[in-house]
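Single-letter residue listing:
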Amino acid sequence: MRTQIAIVGSGPAGLLLGQLLSNAGIDNVIVERSAAAHVLSRIRAGVLEQGMVGLLEQAGCATRLHAEGLVHEGIEIAYDGARHRFDLKQLSGGSTVTVYGQTEVTHDLMEARAASCRTTIYEADGVALHDLDAAPFLTWRKDGATHRLDCDFIAGCDGFHGVSRQSVPAAAIQLYERVYPFGWLGLLADVPPAAPELIYARHARGFALCSMRSPTRSRYYIQTDGTQKAEAWSDDMFWDELRRRLPPEAADHVVTGPSIEKSIAQLRSFVAEPLRFGRLFLCGDAAHIVPPTGAKGLNLAASDVHYLFEGLREHFHDHSAAGLDAYSSRALARIWKAERFSWWMTSTLHTFPDLDAFGVRLQAAELDYLTHSDAAAATLAENYVGLPF
Ligand code: FAD
Ligand code: DHB
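Conventions used here
- Residues numbered from 1 in each chain as written.
- Chains lettered and ligands numbered in written order.
- Predicted model: local features only at pLDDT ≥ 70, side-chain atom pairs only at ≥ 80, totals over all residues.
- Heavy atoms only, no water.
- Pairing = 2+ DSSP bridges.
- Helix = DSSP H or I, 4+ residues; strand = E, 2+ residues; numbered from the N terminus.
- Contact = heavy atoms within 4.5 Å.
- Axes fitted to C-alpha atoms, helices over the stretch in contact; angles between N-to-C directions.
- Disulfide = S-S within 2.5 Å.
- Buried < 20%, exposed > 50% of the residue type's maximum accessible area, 1.4 Å probe, protein only.
- Core = buried A, V, L, I, M, F, W, Y, C linked by side-chain atoms within 4.5 Å.
- Lys, Arg positive; Asp, Glu negative; His and termini not counted.
- Salt bridge = Lys/Arg side-chain N within 4 Å of Asp/Glu carboxyl O.
- Near = heavy atom within 4 Å.
- Polar contact = N/O pair within 3.5 Å; in protein donor to acceptor, adjacent residues only side chain to side chain.
- Areas by Shrake-Rupley, 256 points an atom, 1.4 Å probe, with all protein chains shown as cover.
- Nonpolar A, V, L, I, M, F, W, Y, C, P; charged D, E, K, R; others polar.
- Domains from an automatic or database assignment.

Chemist: Even after reading the chapter, I still don't get the sheet that holds strand S13 (residues 174-189), so can you show me in this structure?
Modeler: The pairing of strands in a sheet comes from backbone hydrogen bonds and takes either a parallel or an antiparallel form. Strand order in the open sheet formed by eight strands is S6-S5-S14-S15-S16-S13-S17-S20, with mixed pairing between adjacent strands. Looking along the sheet, the strands with just one partner apiece sit at the ends: strand S6 (82-87) and strand S20 (288-289). On the sheet, helix H10 (residues 322-349) packs against strand S5 (74-79), S13, strand S14 (199-201), strand S17 (259-273) and S20 and is oriented at approximately 125° with respect to S17. In the packing of helix H11 (residues 357-372) onto the sheet, contacts are made with S5 and S6, and the angle to S5 comes to roughly 140°.

Written out as structure tokens, the structure is:
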């Protein structure tokens, strides 16, 4: 089999890139390790920046997003028992965010892919990348046979644990990493949200976040120590702990109910540099991870896709290498700013087991500054709604 772009991974990065390429008449094949149902079952991010909404429009996959997504003009940050609202739209000069789950984004992109009649191979075992510098190709096993896909370029969109980044010689890649000593326990339930906007809450017992998926479906998170398992938390334990960490009038509005899903994610910051190795380009979580506090992971995957798609389009349509040559540096410039913001929000809103009294005072000063300075509030808003790309 031969194609122009072999895409490894059918997460949001791989599917969005595939859709943009297909619409531009550039042939592509997606090779995915898991079954489609498994890819769709993962509950992950929930907040889309305007830039990502624009890309989904460009891909022709935004009809349901516009019908069902919730446009939010503000967020709240709570600490010391009080709530502080940040008017994102006003502070950022008109930008908003849209609350629409990653599961729904993936579903819409999968539907569009099926309609585009491009090839997607699910349940591909042992995907391997070959000859990255000259004539690249993928191999994998499926249904008892080994398969081969030759291509012009490979897009490594296979997430943090994927094979693409691991196919690069260690001497050619630089890794930057910070692992935080805690995780987030997330719970999804069919109950109305506690408040119309998201609440990010700092509390001495740990961070908590009130989010949502729709007017009848809520998504909540609480900070837990890094060693805990989701199974150790009953629903009642979760609801009790969540309410303890929220200001009283927000806690009073939490409607409890049985969980649909509960899982723990370890918090990590990670960047691999560069993003190009010969004819392989890393994109999305394959190249970088942010802690979820700034709601940037999915949005950062989307901005990588934008830069990579533009580079590939220029290569095939305009016969120019400029966009592909610039991909790594353009994407990394935005990635590091999202890394900075996600690290800052994480550092400001979580409790750290080894933080000394000085550090705790700095956190308090940071929050006091944020809630009393227009400049600090504008900086928060500019980053939360997403830097331009
Ligand atoms: P992924 O979504 O990871 O997709 C990669 C795909 O590649 C997967 O389908 C995988 O099965 C496939 N794959 C992996 N290895 C191979 C292989 N060897 N061969 C072929 N295919 C392979 N972000 C937020 O903003 N907020 C959140 O609350 C949030 N929660 C998260 C919770 C978890 C548990 C995780 C893991 C991430 C979370 N994120 C969150 C981050 C966000 O979901 C990611 O940034 C986003 O999924 C990145 O998309 P991607 O397509 O780059 O990678
Ligand atoms: C959600 C996740 C986040 O990491 C975040 O910052 C905001 C919302 C969510 O899953 O809804």
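Chemist: Before we go on, may I ask you to explain the state of the cysteines in this structure?
Modeler: Defined simply, a disulfide is a covalent bond joining two cysteines at their sulfur atoms. All told, the structure shown has zero disulfides when counted by the stated rule. The thiol sulfur of Cys-61 is not disulfide-bonded, and the nearest other cysteine sulfur, from Cys-117, lies at 14 Å. Considering cysteine sulfurs only, Cys-157 is the nearest to Cys-151, which forms no disulfide, with 12 Å between them.

Chemist: Any chance you could explain the pairing of strand S16 (residues 217-225) here in plain terms?
Modeler: Within a regular beta strand, the side chains point alternately toward one face of the sheet and then the other, so they alternate between its two faces. Within S16, seven of the nine residues are buried, leaving the element largely enclosed by the surrounding structure. Where S13 lies against S16, eight bridges are found, and the strand directions are antiparallel. The residue of S16 that forms the bridge with Leu-185 is Ile-222. Direction of pairing for strand S15 (residues 208-214) relative to S16: antiparallel, over a ladder of six bridges. Each bridged residue has a counterpart across the sheet, and for Ser-211 the counterpart in S16 is Arg-219. Taking the residues between adjacent antiparallel strands as the criterion, S15 and S16 are bridged by two residues.

Chemist: Looking at this model, I keep getting lost on the nonpolar core. Mind explaining?
Modeler: In globular proteins that are soluble, nonpolar side chains generally tend to be buried together. Ranked by size, the top nonpolar core spans 75 residues in total, and within it Leu-17 and Leu-56 carry the most contacts. By residue number, the principal contributor to this core is helix H9 (residues 297-317), which donates ten residues.

Chemist: When you look at the side chain of Asp-304 in this model, what are you seeing that I'm missing?
Modeler: Of note, Asp-304 is situated in helix H9. The side chain of Asp-304 sits in the buried core without any salt bridge; Arg-334 is the nearest counter-charge, 6.9 Å away. For Asp-304, the contacting residues outside a window of four places in its chain are Cys-283, Gly-284, His-288, Tyr-327, Ala-331 and Ile-335.

Chemist: Sorry, what's going on with unusual backbone geometry here?
Modeler: In terms of backbone geometry, most residues other than glycine have negative phi values and most peptide bonds are trans. The residue after Glu-273, namely Pro-274, is reached through a cis peptide bond having omega -10°. Unlike most non-glycine residues, Glu-123 shows phi in positive territory, near 55°. Among the structural elements, Glu-123 can be located in the loop between strand S8 (120-121) and strand S9 (125-130). For Asp-143, which is not glycine, the phi dihedral falls at a positive 50°. Summarising the element assignment, Asp-143 is placed in the loop between strand S10 (137-142) and strand S11 (145-150).

Chemist: Just checking my understanding: could you explain the site of ligand 2 for this structure?
Modeler: Within the structure, ligand 2 sits among 15 residues, and Tyr-200, Ser-211, Arg-213, Tyr-221 and Pro-292 are positioned closest to it. At a separation of 3.5 Å, an oxygen atom of ligand 2 approaches a polar backbone atom of Arg-44. Considering ligand 2 on its own, with 290 Å² of exposed area, one finds that the protein chains cover 97% of that surface. Elements represented by at least two residues in the shell around ligand 2 include exactly S15 and S16. Its residues assigned to classes, the shell around ligand 2 comprises nine nonpolar, three polar and three charged. Both domains that meet at the shell around ligand 2, namely domain 1 (5-72 + 97-177 + 268-347) and domain 2 (181-267 + 352-385), each give it at least three residues.

Chemist: Got a minute to help me understand the sheet that holds S11 in this structure?
Modeler: On the basis of which strands lie adjacent, the open sheet formed by three strands has the order S9-S10-S11 and antiparallel pairing. Among the strands making up the open sheet, the edge pair consists of S9 and S11. Sheet twist, expressed as the average angle between the axes of neighbouring strands with direction ignored, equals 20°. Two elements, S9 and S10, share four bridges in a ladder whose sense is antiparallel. Looking at S10, one finds that His-130 is bridged to Phe-137.

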